[in-house]
Amino acid sequence: MERSLHSSSATWLLTMAASALAVGSAAVAEVGTNTSSLQHEVVLEGLENPWDMAFLEDGTMFYTEKCKGLSVMMPDGSVTPLLGMPGSEGYPATADDLFCEGQAGMMGVAVDPAFADNRRLYVYSTSNMSDPHTNRLMRFEVAEDFSGVSGRTDIVDDVPYKMEASDHPFGGPGAHNGGRVRFDADGSLWLTTGDNHNEEIPQSPTLMGSKVLRIDTDGNAHPDNSPPEGFDPRTYTYGHRNVQGIAFHPGTNTPIVAEHGPWHSDEITVLENGGNAGWDPRDNMAGRGDCPDGYCGYMPNQGEGMNRFERAAFMPMTDLETYPDAMPPIWDNNGWSQGTSSAAFLTGEQWGDWDGAMVVGIMGIGFGGTPIGQRIDVIELDEDMSVVDVTEMTLPMDAGRFRSVVQGPDGSLYTAVDEGMIHKLTPN
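Colleague: Looking at this structure, I do not really get the overall build of the protein chain. What am I missing?
Modeller: When its secondary structure is counted, the protein chain shows three helices and 24 strands. For a compact globule of 428 residues, the expected C-alpha radius of gyration is about 22 Å, and the protein chain comes in at 20 Å, within 12% of that figure. Judged by the C-alpha coordinates and their principal axes, the protein chain covers about 55 × 55 × 40 Å. Residues classed as buried in the protein chain amount to 60% of the 428 residues present. Accessible surface, the protein chain as shown: approximately 15,800 Å² in total, 47% of it carbon and sulfur. A distance of 4 Å separates the average location of the 23 positive side-chain charges in the protein chain from that of its 63 negative side-chain charges.

Right, dumping it as C-alpha cells:
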C-alpha cells in the first residue's frame, strides 16, 4: 500500500517522519495509509546503469545507459538501439568522442515538444572532442522508423568535466556533472550541471558548471533570464553543488530542483531567476582554512563520519551567512545526505491525494552512520511552494538506486535504478 500524504495533523506527520529518519528506522512506514495500492511492472531489465527516460505521447520511451548509449522502446515493447558509446555493440552508429568515466557518461534525455513535426531529441553526454573534455547537450533527429538518429548538433558544448582525480570522496575523474535535461510547459529547455569538485566553479560567472541553464533549442539564452551582471546569459541560477533533478510545478510552471548534499543536507529548492543557491566550497573563507586540493566540499573530516549538523555548520550546502540573499531550500532531507537524484510531479486523479505532489528518487549512500535510505519520497507543497507533508512511498518491489523518476503519458510513474532496471508503478 502507498502512504497517504494526508493526516489529521500535518505538524504531527512532519514530526513523526523527521524522527523516523533521524533514527534511520522504518518507523515512517506507520505514517498514514492510502486507499489505493501500486501495481508494479518491470519494463526493462538487464540494462547497464540506466540514467534517464523521455516519452512520446503514444508511450514510446527513449532511454540512456551511462556507458552504453541511447535506445528506444516502442509501445509494443520492442527495443531498438539508436546511438552507442565507443565499444558498445549492436548500435547502428557510435559517437567516437563520447565516453563514460566515474559519474560521467550519457545522462539526461528529453523529447522536443514539437517532436511530431521536427523529430528532435536532446541528449547530455561527456565528450573528449575538446581538451580539457566537456559535457555537451546534443540535438538529434530521430529517423521516421526509429532506426537511428542523425543530424547531431552540439547546442551546449562548454559544461566543465573533471579531468583528474583529487583527494576527495568519489574523487576520481568525471565527478559532479549534473545531467538532467527537461522542457517546461512553455517549451523552454533546461539543463542542470555540477561542480566537478572544483571550488571555483559554483560562484563563477562564466564556467557553466554548478548552474541551471534555461535556453532555446539552439542553445541560446532564454530572453527572460536575468543572472547577475557579468554572468553567462544562459544562466538561470548558479551556486549549485550537483543538481540531478528538476521538475516544474503543474499549473505554475515553477522550476524546482533536487540536489545531492555533501555528507549532509540533500536539498530541494524553488528556483528564482538569477538566484544563487549558496554553495561555495572554497577554502580560506567563511571561517575555514586550507582544505584538500582547495575544495572544502566534504569537510571537516571528509573521510570519517560525524554529526551532520556540525558538518553543515562548517561547510553549509546553502551558505546564508555569506550569501544572505541565496535561495533557501524548502527541504533538506532532515539534514541527511542520501543521494537525492531526480524529481517529477504526479498528476492525474488516479493518484488520489497525491495528485500534484512531487516525487524524488533517493539512491542511498550510508556513509558514516547515515541510513542508506534508498526510496522514493512523496512531497506535498502548498500554494506558497512550502512543504506540507513528506512521506516515503511503499514500494511493491525491492528498493534500489533510484536514478530517474518520470511520469509517463499513461499517468504511471517510471523509475530507472542503477541496478539495471526500469520499473513502472501504477495506482489503482
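Colleague: What's the story with the state of the cysteines in this structure? I'm lost.
Modeller: Two cysteines joined by a covalent bond between their sulfur atoms form a disulfide. According to the stated counting rule, one finds two disulfides in the structure shown. There is a disulfide in this structure between C67 and C100, and the S-S distance comes to 2.2 Å. Here the S-S torsion is close to 110 degrees, and the disulfide linking C67 with C100 is therefore right-handed. Taken together, the residues span a long stretch of sequence, with C67 in the loop between β3 (61–65) and β4 (69–73) and C100 in the loop between β5 (79–84) and β6 (106–111) at a distance of 33 residues. Among the residues examined, C67 registers a relative accessible area of 22% and is labelled partly exposed. Using a relative accessible area of 28% as the deciding quantity, one classes C100 as partly exposed. Shown here is the disulfide that connects C291 with C296, its sulfur atoms set 2.0 Å apart. Between C291 and C296, the S-S torsion sits near 95 degrees, and that sign places the bridge as right-handed. The class for C291 is buried, based on a relative accessible area of 9%. You can call C296 buried: its relative accessible area is 0%. By sequence-ordered numbering of the bonded cysteines, the protein chain has its disulfides arranged as 1-2, 3-4.

Colleague: What should I look at first to understand the packing of aromatic side chains in this one?
Modeller: Aromatic ring pairs: the centre-centre distance and the angle between the two ring planes describe each pair. Taken as a whole and judged by the stated rule, the model has 13 aromatic pairs. Each ring, one from F99 and one from Y161, has its centre 5.3 Å from the other, and the planes form 85 degrees; the classification is edge-to-face. Here the residue F99 occupies a position in the loop between β5 and β6, and Y161 occupies one in the loop between β9 (149–160) and β10 (181–183), the gap between them amounting to 62 residues. Under the relative-accessibility criterion, F99 is labelled buried at 16%. With a centroid separation of 6.5 Å and an interplanar angle of 25 degrees, the aromatic rings of F115 and F146 are classed as stacked. Of the two residues, F115 is situated in helix α2 (residues 115–118) and F146 in the loop between β8 (134–142) and β9; the sequence distance between them amounts to 31 residues. When sorted by exposure, F115 lands in the same class as F146, which is buried.

Colleague: Got a minute to help me understand the pairing of β6 in this structure?
Modeller: With six of its six residues buried, β6 lies for the most part within the structure. Pairing of β6 with strand β7 (residues 120–127), which is carried by four bridges, proceeds in the antiparallel orientation. When the sheet's bridge partners are listed, V111 is paired in β7 with L121.

Colleague: Explain the sheet that holds strand β24 (residues 421–427) here, please?
Modeller: In any sheet, the strands associate via hydrogen bonds between backbone groups, in a parallel or an antiparallel arrangement. The strand order across the open sheet built from four strands is β1-β24-β23-β22, with neighbouring strands paired in antiparallel fashion. Since the sheet does not close on itself, it has two edges, and those belong to β1 (38–44) and β22 (402–407), each with one partner. When the angles between neighbouring strand axes are averaged without regard to direction, this sheet yields 25 degrees. The pairing of strand β23 (residues 413–417) with β24 spans five bridges and is classified as antiparallel. Bridge pairing in β24 links Y414 to K424.

Colleague: Which parts of the structure should I look at to understand the pattern of salt bridges?
Modeller: Pairing between side chains becomes possible if they bear opposite charge and their charged atoms approach one another. Here the structure, examined in full by the defined rule, presents 15 salt bridges. With a closest N to O distance of 2.9 Å, D52 and R182 form a salt bridge. Placement of D52 in strand β2 (residues 50–55) and of R182 in strand β10 is noted, with a sequence separation of 130 residues between them. Taken as a pair, D52 and R182 share a single burial class, namely buried. The salt bridge involving E141 is made with R120; its shortest N-O contact spans 3.9 Å. On the criterion of sequence distance, the pair formed by E141 in strand β8 and R120 in strand β7 is long-range, its members being 21 residues apart. Given the relative accessible area of 24%, E141 is considered partly exposed. Linked through salt bridges whose partners overlap, the residues forming this network are D97, R136, R152 and D154.

The rules behind the values
- Residues numbered from 1 in each chain as written.
- Predicted model: local features only at pLDDT ≥ 70, side-chain atom pairs only at ≥ 80, totals over all residues.
- Heavy atoms only, no water.
- Helix = DSSP H or I, 4+ residues; strand = E, 2+ residues; numbered from the N terminus.
- Rg over C-alpha atoms; globule rule 2.2 N^0.38 Å.
- Buried < 20%, exposed > 50% of the residue type's maximum accessible area, 1.4 Å probe, protein only.
- Areas by Shrake-Rupley, 256 points an atom, 1.4 Å probe, with all protein chains shown as cover.
- Lys, Arg positive; Asp, Glu negative; His and termini not counted.
- Charge placed at Lys NZ, Arg CZ, Asp CG, Glu CD.
- Disulfide = S-S within 2.5 Å.
- Phe/Tyr/Trp six-rings, centres within 6.5 Å; stacked < 30°, edge-to-face > 60°.
- Pairing = 2+ DSSP bridges.
- Axes fitted to C-alpha atoms, helices over the stretch in contact; angles between N-to-C directions.
- Salt bridge = Lys/Arg side-chain N within 4 Å of Asp/Glu carboxyl O.

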